[in-house]
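Each chain is listed here by its residues.
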Amino acid sequence: EDEITLFERDMKEFWIQFKISYSTEQINQTSALRDLCKETIEALSVKWSKKLKEEDLMIDKIQEYNSEILQQSKYVAEKEEQLTEIKSKLNQEEEQQKNLTDSIQELKEELMKKMEIKSSKNEAAKEKVERVSKIKTLFKERLGLEMRRIHDEQLQFIFRHIDHKDPDKPYMFTLSINEQGDYEVTSCTPPLDCIAELQLKLRETNNFSAFVANIRKAFTALSYK
């Protein structure tokens, strides 16, 4: 029994020592693990705190960039609106320029036509004046007629030897060519009632010799009244 008791007592002491030793080791391991966890947590806290600060800075930068992009977008939109207005004004000015160019061209063409017509009329008038001048000698010799070129390209016709009482008494009329290129009697001394009719007949027939002869006849008839 003593041996059994001694064995039991030894076993109890062994287990007590084993438990004490095991508990101490466990406590040490737990403390070490706790310290490691604490250090790890602190390191992670520092790391994540730094990372969070960096992310905050990044967020601030992103917001700043977004603000700059928004401002740039507004600026671009304003410039595009201004560019659109400028393009619209340029298009209007181009249209006005085109209309002005077309109007100028039309005026040029109209002016050229008028100049051609005027040149044609002037040429016709010149031919008529030359034709009248060519028969000047004939009229003077046969009808006692004198012709003079006076102001504004007019011709003055002076008849003599009409009044048998006063052969040197002048009977005269003045002839011009109007803007339409027609003969026109601008004065007649003494006046003849038939001058308008004779003028119309001259325009219709263009027979100048007959016209002058008929006026001389009218002056001769008037001298007997």
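Residues numbered from 1 in each chain as written. Predicted model: local features only at pLDDT ≥ 70, side-chain atom pairs only at ≥ 80, totals over all residues. Heavy atoms only, no water.

Visitor: In this structure, what is going on with the overall build of the chain? I would like to understand it.
Guide: When its secondary structure is counted, the chain shows 4 helices and 4 strands. In the chain, the order of α-helices and β-strands from amino to carboxyl end is α-α-β-β-β-β-α-α. Counting the 225 residues in the chain, one finds 18% classified as buried. Restricting to contacts in the chain with at least 6 residues of sequence separation, those with at least 24 account for 38%. Accessible area of the chain: about 18,200 Å², with a carbon and sulfur share of 55%. (Helix = DSSP H or I, 4+ residues; strand = E, 2+ residues; numbered from the N terminus. Buried < 20%, exposed > 50% of the residue type's maximum accessible area, 1.4 Å probe, protein only. Contact = heavy atoms within 4.5 Å. Areas by Shrake-Rupley, 256 points an atom, 1.4 Å probe, with all protein chains shown as cover.)

Visitor: Is there a simple way to think about the packing of aromatic side chains in this case?
Guide: To describe a pair of aromatic rings, you give the distance between the ring centres and the angle between the ring planes. What the rule picks out here adds up to 9 aromatic pairs. Arranged with centres 4.6 Å apart and planes meeting at 0 degrees, the rings of Phe 157 and Phe 173 form a pair that is stacked. Taken together, the residues span a long stretch of sequence, with Phe 157 in strand β2 (residues 154–159) and Phe 173 in strand β3 (residues 171–177) at a distance of 16 residues. Here Phe 157 falls in the buried class, since its relative accessible area comes to 0%. (Phe/Tyr/Trp six-rings, centres within 6.5 Å; stacked < 30°, edge-to-face > 60°.)

Visitor: Would you mind going over unusual backbone geometry with me for this structure?
Guide: With the exception of glycine, most residues fall at negative phi, and the peptide bonds are largely trans. Look at the link from Thr 189 to Pro 190: it is a cis peptide, with omega at -5 degrees. Phi is positive for His 161, close to 60 degrees, though the residue is something other than glycine. You can see His 161 is positioned in the loop between β2 and β3. The phi angle at Asn 206 is positive, at roughly 60 degrees, despite the residue not being glycine. Residue placement: Asn 206 occurs in the loop between α3 (195–205) and α4 (208–223).

Visitor: Before we go on, may I ask you to explain α3 in this structure?
Guide: Because the α-helix completes a turn every 3.6 residues, residues three or four places apart line up on one side. Regarding α3, the residues found buried are Ile 195, Leu 198, Gln 199 and Leu 202. Down the axis, α3 shows its buried residues gathered within 100 degrees of arc, on one side only. Structural note: α3 exposes Ala 196, Glu 197 and Glu 204 on the side pointing more than 90 degrees away from its buried face. Asn 206 occupies a position one or two residues after α3 and carries a positive phi of about 60 degrees. (Arc of directions from axis to C-beta.)

Visitor: Explanation requested: the sheet that holds strand β4 (residues 183–189) in the structure shown.
Guide: Paired through their backbone hydrogen bonds, the strands of a sheet run either parallel or antiparallel. A sheet is described by the order of its strands in space; here 4 strands give the open sequence β1-β2-β3-β4, paired in antiparallel fashion. With one partner strand each, in any of the chains shown, β1 (145–150) and β4 form the two edges of the open sheet. Neighbouring strand axes in the sheet, compared pairwise and without regard to direction, differ in orientation by 20 degrees on average. In terms of strand pairing, β1 meets β2 through 6 bridges, oriented antiparallel. Counterpart to Glu 146 in the pairing with β2 is Ile 158. (Pairing = 2+ DSSP bridges. Axes fitted to C-alpha atoms, helices over the stretch in contact; angles between N-to-C directions.)

Visitor: What's the story with the pairing of β3 in this structure? I'm lost.
Guide: Working note: regular strand, side chains alternate between the two faces of the sheet. Along β3, 5 of the 7 residues are buried, which leaves the element largely enclosed by surrounding structure. With 6 bridges joining them, β3 and β4 adopt antiparallel strand pairing. When the bridges of β4 are listed, Thr 174 appears paired with Ser 187. With antiparallel pairing between neighbouring strands as the criterion, β3 and β4 make up a hairpin whose turn holds 5 residues, including Gly 181 at a positive phi of roughly 85 degrees.

Visitor: When you look at α4 in this model, what are you seeing that I'm missing?
Guide: Over its 16 residues, α4 runs 23 Å from end to end, which matches the ideal 22 Å to within 8%, given 1.5 Å per residue. Along α4, the residues that are buried comprise Phe 208, Phe 211, Val 212, Ile 215, Arg 216, Ala 218, Phe 219 and Ser 223. Down the axis of α4, the sector holding all buried residues measures 160 degrees, keeping them to one side. At the N-terminal end of α4, a side-chain oxygen is found 3.1 Å from the backbone nitrogen of Ala 210, two or three residues along, and the residue is Asn 207. (Expected span 1.5 Å × (residues − 1). Polar contact = N/O pair within 3.5 Å; in protein donor to acceptor, adjacent residues only side chain to side chain.)

Visitor: Could you clarify how one ought to interpret the packing of α3 against α4 in this entry?
Guide: Think of two packed helices as two axes; the pair is described by the angle between the axes and how far apart they sit. It is the contact of α3 with α4, at a shortest axis distance of 9 Å, that shows an interaxial angle of 170 degrees. For the element pair α3 / α4, the angle class is roughly antiparallel. In the packing of α3 onto α4, the handedness of the crossing is right-handed. Where α3 abuts α4, its residues Ile 195, Leu 198, Gln 199 and Leu 202 lie against Phe 208, Phe 211, Asn 214 and Ile 215. In terms of residue class, the contact of α3 with α4 is built from 6 nonpolar, 2 polar and no charged. (Parallel < 35°, antiparallel > 145°, perpendicular 65-115°, else oblique. Left-handed = near helix turned anticlockwise from the far one by under 90°. Nonpolar A, V, L, I, M, F, W, Y, C, P; charged D, E, K, R; others polar.)

Without other data, these values stay purely geometric and don't point to any function.
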